[in-house]
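Take a look at the letters that make up each chain.
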Amino acid sequence: MNIIVCMKQVVDLEQIRIKTQTREPVMEGLPVMFGDFDKCALEEAVRLKEEHGGKVTAVAAGSAKLKDTIKEALAIGADEAIILTDEAYQGSDTMGSARLLAQVIQKIGDYDLILMGDGSADDYSGEVPPRVAEILDLPQAGFAREIKVVDDALHVTRDLEAAHETIALELPALVSVSTEINTPPLPALTDILKAGRKPLHTWAPDEVGVPDKAGLDPAQIGTNASVVEVLSNLAPVQDRKEIIFEDVEEGLAEITKALESEGVLEQ
Amino acid sequence: MSGILIYSEVKSTFLGLLTRGRALAEALDQPLTAALLGEESAAWAGEALSHGAERVFVGDSPQLDVFQARTYADALAQVAAQAEADIILTGSTLRGRELAPRLTQKLEAGCATDVTDLAVEDRRLITQRRALGGKTLSTEARTSPKQVIAVMPKLYEAEPGGDGTGEIVEIPLELEPSATRLVESKAKPSGGVDIEAAEILIGVGRGFEKEEDLQLAQDLADALGGAVGCTRPLSYDYNWLPDDLTIGLSGKICAPRLYIALGLSGQIQHTVGIMDSDVILAINKEKSAPMFKMSDYGIVGDLYEVVPRLVEKIRGAGN
Ligand SMILES: Cc1cc2nc3c(=O)[nH]c(=O)nc-3n(C[C@H](O)[C@H](O)[C@H](O)COP(=O)(O)OP(=O)(O)OC[C@H]3O[C@@H](n4cnc5c(N)ncnc54)[C@H](O)[C@@H]3O)c2cc1C
């Protein structure tokens with residue numbers, strides 16, 4: 001089973017500071033990484049490959065730093081990786097990203113399954129997997145917490161609000177996974193060393209064309225093709241008292257008193 | 001002509017969106033229409049009319065029996081074409097989150113999911129959603145003529161309205177085989193407690209070492225007459241509690257009088273579920289836990305030591 005896993009490089013959200021005056025996030029100089037959802041998708045691909053044979057290809061779009069970030073994907077177990085770091089790709093919205101990824105997947109061509117995370121760690125819009133599935137005209141399943149190959153079909157157990165539903169999908173298909181599907185182990189040192197020797201390709205826009213199909217239209221990706229206009233992006237104001245006690249006895253006494261006087265303890 | 005089309009597989013969300021849709025349709029001076037797909041929801045057509053839909057499109061096909069986003073997007077695109085709708089509103093349920101982007105791509109439209117506010121300004125549709133892992137709220141508009149917006153399922157309450165003179169239109173759907181077969185569907189076990197209605201809510205997190213230890217939280221809930229809810233790892237990952245006791249983005253949004261956070265770090269995906277509590281108290285052994293920044297009161301300490309003492313104090317105060 002040949003599996004393509006799409007991964008997004010995101011900034012370390014824990015390290016975003018908020019400017020006190022303007023409530024704006026400070027986005028400069030943040031370390032980058034892959035989100036948990038994406039790592040779970042990759043881990044699941046590796047597991048399926050170990051069980052059924054085939055090959056796992058990781059595809060990631062992002063800044064030039066991807067050259068380093070992608071090593072983690074190769075260490076987790078991707079056999080090969082394609083990174084998309086060209087200036088032309090930057091600033092794409094979900095539509096542009098989906099077009100780019102779909103084009104790359106078509107160029108790779110030989111696949112049975114595409115796996116992605118349910119959402120990126122930063123925006124969690126979850127838009128890219130269904131969009132890519134639509135462009136490639138594939139059946140899809142989201143919020144997967146279990147994937148099994150049964151005969152020729154893929155059995156996917158997906159999360160719904162009040163049920164777990166198992167469906168059988170014909171392959172090729174696109175599945176996005178939630179973090180409950182597995183726990184990616186930290187790569188061993190030998191895997192990290194091996195990662196450096198695995199094939200890593202950087203595809204420029206003119207390499208992403210597909211024979212007999214229209215090439216990648218630069219007008220369809222990047223900042224200029226984005227249809228989303230962000231009017232503001234600010235941290236909401238928190239209005240809590242933040243009275244924190246480090247002395248347990250004092251805390252218990254003061255807090256029970258305060259809760260009583262605020263009337264929240266009476267029933 | 002353009003218009004607004006409402007679709008959701010969840011009835012309360014469908015009628016809530018119609019209610020909100022009436023105001024948006026008026027502000028944009030566009031007609032409001034509704035789509036009902038599949039056998040089950042066809043029965044809601046009358047209520048769609050009494051909630052202001054000018055036309056309700058009802059479509060069914062055996063291909064709609066199992067949810068496959070490709071098929072549902074195809075069906076909805078056919079309805080949108082007949083309704084001449086450019087704006088499609090749906091619920092950001094788990095299915096809605098699969099469907100909305102797929103339909104968006106089919107229509108080459110603009111999209112937003114998990115939308116927490118929807119308004120019209122200068123005749124443009126403005127949405128709000130959380131960004132950067134919930135650290136910020138992003139207010140957005142789209143420049144595409146067509147838009148598909150998935151709105152948080154319980155954002156709008158349903159209220160009948162409109163002149164009720166709309167019509168029901170049966171629409172024949174032409175759908176390809178869905179390539180999807182249902183193997184089994186298992187209802188999730190329920191916690192049997194409506195944590196959204198709780199006046200006093202105790203939230204438990206990974207600070208609890210063992211499932212049995214949750215009794216400590218239950219003791220506190222009993223002393224206060226409250227309910228116990230949890231962070232996502234405790235339900236989804238550990239199966240210590242049923243999924244429907246999860247508080248937060250992928251669980252319930254609660255607004256109790258008092259929320260007590262025990263051994264949970266206060267990640268934004270959790271705290272969006274308790275943001276509107278009147279008073280918040282946190283107990284956490286790490287002084288740097290983000291939960292303290294969202295709390296009115298806090299005790300830095302081991303929950304195994306603090307919670308039994310708190311129960312004693314409350315029981316004492318009650319006497
Ligand atoms: C898209 C998405 C959706 C999500 N939806 C949800 C959601 O709906 N609800 C949700 O809860 N999470 C959700 N999450 C997960 C969320 O990001 C956090 O991972 C989760 O809330 C953390 O759970 P926790 O606080 O229990 O665990 P941790 O973050 O591990 O925190 C445990 C805390 O316990 C404290 N502690 C440990 N031992 C003790 C002790 N003895 N006494 C006192 N304190 C102790 C620690 O200091 C720590 O602060 C979602 C994540 C994503 C990406």
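Cut-off values and rules
Residues numbered from 1 in each chain as written. Chains lettered and ligands numbered in written order. Predicted model: local features only at pLDDT ≥ 70, side-chain atom pairs only at ≥ 80, totals over all residues. Heavy atoms only, no water. Phe/Tyr/Trp six-rings, centres within 6.5 Å; stacked < 30°, edge-to-face > 60°. Helix = DSSP H or I, 4+ residues; strand = E, 2+ residues; numbered from the N terminus. Buried < 20%, exposed > 50% of the residue type's maximum accessible area, 1.4 Å probe, protein only. Lys NZ or Arg CZ within 6 Å of the ring centre and 35° of its normal. Polar contact = N/O pair within 3.5 Å; in protein donor to acceptor, adjacent residues only side chain to side chain. Contact = heavy atoms within 4.5 Å. Buried area = accessible area lost by both parts, 1.4 Å probe. Salt bridge = Lys/Arg side-chain N within 4 Å of Asp/Glu carboxyl O. Nonpolar A, V, L, I, M, F, W, Y, C, P; charged D, E, K, R; others polar. Near = heavy atom within 4 Å. Patch = residues over 30% accessible without salt bridge, like charges linked within 9 Å, V, L, I, M, F, W, Y side chains within 5 Å. Areas by Shrake-Rupley, 256 points an atom, 1.4 Å probe, with all protein chains shown as cover. Lys, Arg positive; Asp, Glu negative; His and termini not counted. Charge placed at Lys NZ, Arg CZ, Asp CG, Glu CD. pLDDT = per-residue confidence, 0-100. Domains from an automatic or database assignment. Pairing = 2+ DSSP bridges. Axes fitted to C-alpha atoms, helices over the stretch in contact; angles between N-to-C directions.

S.K.: Outline the packing of aromatic side chains, supporting the account with residue identities and numerical values.
M.R.: Counted according to the given criterion, the structure contains 5 aromatic pairs over all chains. Ring plane angle 35° and centroid distance 5.4 Å describe the contact between A:Phe37 and A:Tyr124, whose orientation is recorded as tilted. Note that A:Phe37 is positioned in helix H1 (residues 36-52) and A:Tyr124 in the loop between strand E7 (113-117) and helix H4 (128-135), a separation of 87 residues in sequence. The pair formed by A:Phe37 and A:Tyr124 is uniform in burial state, with each residue classed as buried. Ring centres of B:Phe208 and B:Tyr304 lie 6.4 Å apart, and the angle between their planes is 55°; this geometry places the pair in the tilted category. Highlighted residues: B:Phe208 in the loop between strand E12 (200-204) and helix H5 (215-224) and B:Tyr304 in helix H8 (residues 303-318), separated in sequence by 96 residues. Taking relative accessible area as the criterion, B:Phe208 reaches 1% and is therefore assigned buried. For B:Tyr304, a relative accessible area of 25% puts it in the partly exposed group. Above the face of the A:Trp203 ring, A:Lys107 is positioned so that its terminal group lies 5.1 Å from the ring centre. Its guanidinium or amino end placed over the ring of B:Tyr236, B:Arg232 lies 4.5 Å from that ring's centre, counting from NZ or CZ.

S.K.: Before we move on, can you summarise the side chain of B:His51 with the specific residues and values?
M.R.: Residue and element names in this part refer to chain B. Inspection of the secondary structure assignment puts His 51 in the loop between helix H2 (45-50) and strand E3 (55-59). In this structure the side chain of His 51 is engaged in a polar contact, spanning 3.4 Å, whose partner is the side chain of Ser 50. Among all residues touching His 51, those that are not within four sequence positions of it are Leu 15, Leu 18, Thr 19, Arg 22, Ala 158, Glu 159, Pro 160 and Gly 161.

S.K.: Describe the interface of chain B and chain A, listing the residues and the values that go with them.
M.R.: One widely used convention gives an interface's size as the accessible area the parts lose upon coming together. On the chain A side, the residues contacting the 87 residues of chain B number 82 residues. Summing both partners gives a buried area of about 7300 Å² for chain B against chain A, and 52% of it is carried by carbon and sulfur. Viewed at the interface, chain A and chain B are joined by 13 salt bridges. Notably, a salt bridge pairs B:Arg232 with A:Glu180, separated by 2.8 Å at the nearest N-O pair. Taken together, the links from chain B to chain A amount to 54 residue pairs in polar contact (both at pLDDT 80 or more). Broken down by element, the side of chain B that touches chain A gets its largest block of residues, 9 residues, from helix H4 (residues 94-107) of chain B. When grouped by side-chain class, the residues that make up the side of chain B that touches chain A number 36 nonpolar, 21 polar and 30 charged.

S.K.: Can you explain the site of the ligand? Please cite residues and give values.
M.R.: Taken together, 27 residues surround the ligand, and among them B:Thr231, B:Ile247, B:Ser250, B:Ser265 and B:Asn284 come closest. In this structure, the ligand sits where chains A and B come together, each supplying nearby residues. Here an oxygen atom of the ligand and a backbone polar atom of B:Arg206 are 2.8 Å apart. Separating an oxygen atom of the ligand from a side-chain N or O atom of B:Thr231 is a distance of 2.7 Å.

S.K.: Got a sec to walk through a negative patch on the surface? Specific residues and values, please.
M.R.: On the surface, a cluster of negative charge is made up of B:Glu39, B:Glu40, B:Asp60 and B:Asp65. Relative to the assigned elements, B:Asp65 resides in the loop between E3 and helix H3 (69-83).

S.K.: So what's going on with the pattern of salt bridges? Which residues, and what values?
M.R.: Within the structure shown, the criterion is met by 34 salt bridges over all chains. Among the ionic pairs, A:Arg158 bridges to A:Glu165, the shortest N-O distance being 2.7 Å. A relative accessible area of 1% means that A:Arg158 is categorised as buried. A:Glu165 sits in the buried class, given a relative accessible area of 7%. We note a salt bridge from A:Arg240 to B:Asp296, for which the minimum N-O separation is 2.9 Å. On the criterion of chain membership, the pair formed by A:Arg240 in the loop between strand E13 (228-234) and strand E14 (243-245) and B:Asp296 in the loop between strand E15 (279-284) and strand E16 (297-300) is interchain, its members lying in two chains. Comparing A:Arg240 with B:Asp296 shows no difference in burial state: the two are buried. Where salt bridges share partners, they join A:Arg158, A:Glu165, B:Arg95 and B:Glu98 into one cluster.

S.K.: Help me get a handle on the environment of B:Ser144, residues and values and all.
M.R.: Following the sequence through the fold, B:Ser144 ends up in the loop between strand E8 (136-142) and strand E9 (147-151). Under the relative-accessibility criterion, B:Ser144 is labelled buried at 8%. Measuring from C-alpha to C-alpha, the distance between B:Ser144 and B:Gly110 comes to 5.7 Å, with 34 residues separating the pair along the chain. In contact with B:Ser144, not counting residues within four places along its chain, are A:Val227, B:Ala109 and B:Gly110. Among the polar contacts made by the side chain of B:Ser144, one reaches the main-chain amide nitrogen of B:Gly110 at a distance of 3.0 Å. A polar atom in the side chain of B:Ser144 sits 2.8 Å from the backbone oxygen of B:Lys146.

S.K.: Which residues make up the confidence of the model for chain B, and what values go with them?
M.R.: For chain B, per-residue confidence averages 95 on the pLDDT scale, and residues scoring 70 or more make up 99% of the total. At the level of chain-chain contacts, confidence expressed as ipTM amounts to 0.94, with global pTM at 0.93.

S.K.: Residues and numbers for the domain arrangement of chain B, please.
M.R.: All names here are of chain B. What the domain assignment lists for chain B is domain 1 (4-170) and domain 2 (195-317). Using C-alpha coordinates to define each centre, domain 1 is positioned 35 Å away from domain 2. Taken together, the 5 residues of domain 1 in the interface contact 6 residues of domain 2. Both faces combined, the contact of domain 1 with domain 2 buries some 450 Å², and carbon together with sulfur accounts for 54% of it. Of all residues in domain 1, Arg 130, Gly 133 and Lys 154 give up the largest surface area on contact with domain 2, accounting jointly for 64% of the area buried on that side. Among the salt bridges present, the one from Glu 196 reaches Lys 154, with a minimum N-O distance of 3.1 Å. Our count for the domain 1 to domain 2 interface comes out at 1 residue pair in polar contact (both at pLDDT 80 or more).

S.K.: How would you summarise the sheet that holds E13(A) if you had to cite specific residues and measurements?
M.R.: The antiparallel open sheet is built from 4 strands, whose spatial order is E13(A)-E8(B)-E7(B)-E6(B). The sheet terminates laterally at E13 of chain A together with strand E6 (117-121) of chain B, the two strands that pair on one side only. For this sheet, the mean inter-axis angle between neighbouring strands, taken without regard to orientation, is 25°. Bridge count between E6(B) and strand E7 (residues 124-131) of chain B: 5 bridges; the pairing is antiparallel. By the bridge assignment, B:Leu118 is partnered in E7(B) with B:Thr127.

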